[in-house]
Amino acid sequence: MADHGLTRRGFIRTAGVVTALAATGNFPIDLFAAEKPRLIRYPEKTDLILLTSRPPQLETPQHFFKELLTPNDALFVRWHLGNIPTEVDLATWRLTVGGNTDKKLELSMDDLRTRFEKVEYTAVIQCSGNGRSFFDPRVPGGQWGNGAMGNTTWAGARLKDILAMAGVKPDSAEVAFNGLDAPPAPKVPDFVKTLPMDHALDEDTMVAYEMNGKPLLMLNGFPARLIVPGWFATYWVKSLSEITVLSTEFSGFWMKPAYRIPDNACGCVAPGAKPAKTVPINRMNTRSLIISPEAGTAVRRNQPVEIMGIAFAGGYGIKDVIVSSDGGKNWGTAMLGKDLGKYSWIQWRYPWKPGKPGTYHLMAKATNSIGESQPFGRLWNPSGYMWNTVEKIEVAVR
Amino acid sequence: MKKTAVFAILLAVSVTAYAKDGGTVRSIALPTVETKMADGEGKVVMAANCSSCHSLDYIVMQPKLSPDQWTGTVNKMRKVFGADISDADAAVIASYLASNYGPGSKTAAAAPGKDPASKVAMNVSGEASFKKYCAACHAGGGNIIRPEKSLHRKDREANGVKAAADIVRLLRNPGPGMPKFDAKSVPEEEAKAIAEYVIDAFK
């Protein structure tokens, strides 16, 4: 989150049980929660910001975004259902592929690794609700700052190759994906997502079994997860166990009414308004974030400072990033870093030498290769999705 | 025969990569995190119903929702997510949430994330606001009217001004010789920021 400097945080670290709010002593609960996000260490992960514990929603602290690739143990965690998989035996785990297909497959991990060509690319993974806590008026839901995202090199098998082995029948409309997570009560809808047929057959849609060269972490979807690069991570079903080809449109809860956006170019409506028509959320919009210096910190006058950040767009690559150090009056073009492909984020740098002491507003605005950019104003939708307003952060010059 | 042997080794290698003990099982143990909830009527009913599906930090995390929004949230849990909550319990839960986590409630938690701009304005502008409102008389932490009442720690403490809240109180109800700064001219957040700046700057 851009708004929480690490030095201001009170850390509560845990090896097992933590009574987080009770540990605040004299502080009222609201002060604690607002000023000091709780850091927590889950198995296989480093200290992350705790949003919720069951199911876990853990956010990545901003300083990890200084790295081009997000370390596996720092990648955010987001599950929907109370019963998440905590144990997988690869001797018995199978990925079943069936439905409207010529035959039914039951693939083991070794089948996935040996019977299909291994493909690899770097892609941004971002929660639909990343930045939800910045919406005004506020909306209910996971109150993410900017840390429900990361940049990871994924490796696995092409979904289209797997589907080809099963033989998709010509009248097929969608493909449904289910994972090992299970509802906490009998009537709670299972987490199932679908992709339209053309996108399921996209060259780059992948069933991944590696992140940054290592097997997936349990909390990030071991042993295999769907990767839909360029699209929001709600489709990237974790601990994948079932792929079902459908001949009709699926209407389960997690596709409708959940995870939908207003059916217009901005995916937005007037604050407080109800959209007349919605569509399933899909491709990511363009974003840029200032990573360093962090908001609320101070730099020295007459000393060169490098403003550093990241930018990404839904599978079209970044054309340019412009930066302002005076609240948007004057803009310059940032230098772009190493290009890891159209699905990756790109680092940018902008040299700055503040002359006078005072308060400065830094801004950054990215444009992707098809001209999509970011709004200066606050766009709004009732679910708090697709936040990409141009950031304006304040730093002091002393 | 030789082919089979090679395949068996590959299998062993790829499987052991997953489990620490060299077997095929990978497992984790999730921590238990307790969230302290506000005391109030309906707390027990709320905890019993809500925590059967999710941890209670889901509630604490939310912005201050209106009574209608909380009722809507409880209804969503029942109708959309199929939570087995009776009508009577649903009313009790909605009332508990609205009273303790609604607008104006003291215990309601603000969300972990805030707009970067607004949050930072609070952090950084204590100094700017001090310059705007206070520095005419208190430049450098001094006091041009009553020098013995400077803003430095020693003087502050001698005059019973120990915490930020004490400074805010003096802004609202100053002693003789100092103009009054009410919440209209200096909102609460800004007053707090000034107070924190004073404590931080004049040691």
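Since we're looking at a predicted model, the values are computed, not measured.

Now for the pairing of strand 16 (residues 240-246) of chain A. Residue and element names in this part refer to chain A. The sheet contact formed by strand 7 (residues 95-99) and strand 16 spans four bridges and is parallel. Paired with Val-97 across the bridge in strand 16 is Ile-243. Across six bridges, strand 11 (residues 174-179) lies against strand 16 in antiparallel orientation. Bridge pairing in strand 16 places Asn-178 opposite Glu-242.

It is worth spelling out the sheet that holds strand 16 of chain A at this point. Residues and elements named next belong to chain A. Read across the sheet, five strands follow the order 8-7-16-11-12 without closing on themselves; strand pairing throughout is mixed. This sheet does not close on itself; its edge strands, each paired only once, are strand 8 (105-107) and strand 12 (192-196). Each strand of the sheet is rotated relative to its neighbour by a mean of 20°, with strand direction disregarded.

A separate point is the confidence of the model for chain B. Residues and elements named next belong to chain B. This prediction gives chain B a mean pLDDT of 79; 79% of its residues lie at or above 70. Across chain B, element-level confidence peaks in helix 5 (residues 87-101) with a mean pLDDT of 97 and bottoms out in helix 1 (residues 2-16) with 39. Counting contacts from residues 1-16, a segment whose pLDDT is below 50, to residues more than four positions away or on other chains yields six contacts. Counting interchain partners and residues more than four positions distant, the pLDDT-below-50 stretch residues 108-124 has 59 contacts. Scored as a complex, the prediction yields pTM 0.78 and ipTM 0.86.

Our focus in this paragraph is the pairing of strand 4 (residues 56-59) of chain A. Residues and elements named next belong to chain A. A two-sided burial pattern is seen for strand 4, the buried positions comprising Pro-56 and Leu-58 on one face and Gln-57 and Glu-59 on the other. With four bridges joining them, strand 3 (residues 47-53) and strand 4 adopt antiparallel strand pairing. Paired with Thr-52 across the two strands is Gln-57, which belongs to strand 4. Note: strand 4 against strand 5 (residues 77-78), two bridges, orientation antiparallel. Of the residues in strand 5, the one forming a bridge with Gln-57 is Arg-78.

Residue and element names in this part refer to chain B. Taken N-terminus to C-terminus, the directions of helix 2 (residues 43-50) and helix 5 make an angle of 110°; their axes are 9 Å apart at the nearest point. Here helix 2 is positioned roughly perpendicular relative to helix 5, judged by the angle of their axes. Handedness of the crossing formed by helix 2 with helix 5: left-handed. Facing Lys-43, Val-45, Met-46 and Asn-49 of helix 2, the residues of helix 5 in contact are Asp-89, Val-92, Ile-93, Tyr-96 and Leu-97. Looking at the contact of helix 2 with helix 5 residue by residue, the class counts come to six nonpolar, one polar and two charged.

This part takes up unusual backbone geometry. Residues and elements named next belong to chain A. Following Arg-54, the chain continues to Pro-55 via a peptide bond in cis, the omega torsion being -10°. Looking at the element boundaries, Pro-55 is found in the loop between strand 3 and strand 4. Cis geometry is adopted by the peptide bond preceding Pro-223, which originates at Phe-222 and carries an omega value of 5°. When you line up the elements, Pro-223 lands in the loop between strand 14 (214-215) and strand 15 (225-227).

With that settled, consider helix 4 (residues 67-80) of chain B. Residue and element names in this part refer to chain B. Between its first and last C-alpha atoms helix 4 spans 19 Å; for 14 residues at 1.5 Å apiece the expected length is 20 Å, and the two agree. Buried within helix 4 are the following residues: Gln-69, Trp-70, Val-74 and Met-77. Here the buried residues of helix 4 occupy an arc of 140° about the axis, which is enough to place them on one side. The exposed residues of helix 4 that point more than 90 degrees off its buried face are Asp-68, Lys-76 and Lys-79. Gly-82, located one to two residues past helix 4, shows a positive phi value of around 70°.

Residues and elements named next belong to chain A. Mapped onto the elements of the fold, Pro-304 is located in the loop between strand 20 (298-299) and strand 21 (305-312). By C-beta crowding, Pro-304 is classed as exposed, having 10 other C-beta atoms within 10 Å. Leave out the neighbours within four places in its chain, and Pro-304 touches Pro-351 and Lys-353.

Here we take up the nonpolar core. Judged by nonpolar contacts, the single largest core of 128 residues is most densely connected at A:Leu58, A:Val207, A:Leu226, A:Ala311 and B:Leu97. For this core, the element with the highest residue contribution is helix 5 of chain B, accounting for seven residues. If we ignore the near neighbours within four places in the chain, the residues touching B:Leu97 are B:Met46, B:Ile59 and B:Trp70. B:Phe181, B:Ala191, B:Ile194 and B:Ala195 belong to the second largest nonpolar core, which has 15 residues in total.

What follows is about the packing of helix 4 of chain B against helix 5 of chain B. Residue and element names in this part refer to chain B. In contact at an axis separation of 9 Å, helix 4 and helix 5 are set at 140° when each is read in the N-to-C sense. Here helix 4 lies oblique to helix 5, going by the angle between them. You can see that helix 4 and helix 5 cross each other, and the crossing is right-handed. From helix 4, Pro-67, Trp-70, Thr-71, Val-74 and Arg-78 reach across to helix 5, where they touch Ala-90, Ile-93, Ala-94, Leu-97 and Ala-98. Classifying every residue of the contact of helix 4 with helix 5 by side-chain character gives eight nonpolar, one polar and one charged.

So, how was this worked out
Residues numbered from 1 in each chain as written. Chains lettered and ligands numbered in written order. Predicted model: local features only at pLDDT ≥ 70, side-chain atom pairs only at ≥ 80, totals over all residues. Pairing = 2+ DSSP bridges. Helix = DSSP H or I, 4+ residues; strand = E, 2+ residues; numbered from the N terminus. Axes fitted to C-alpha atoms, helices over the stretch in contact; angles between N-to-C directions. pLDDT = per-residue confidence, 0-100. Contact = placed C-beta atoms within 7 Å. Buried ≥ 20, exposed ≤ 12 C-beta atoms within 10 Å, placed from the backbone. Parallel < 35°, antiparallel > 145°, perpendicular 65-115°, else oblique. Left-handed = near helix turned anticlockwise from the far one by under 90°. Nonpolar A, V, L, I, M, F, W, Y, C, P; charged D, E, K, R; others polar. Expected span 1.5 Å × (residues − 1). Arc of directions from axis to C-beta. Core = buried A, V, L, I, M, F, W, Y, C linked by C-beta atoms within 7 Å.

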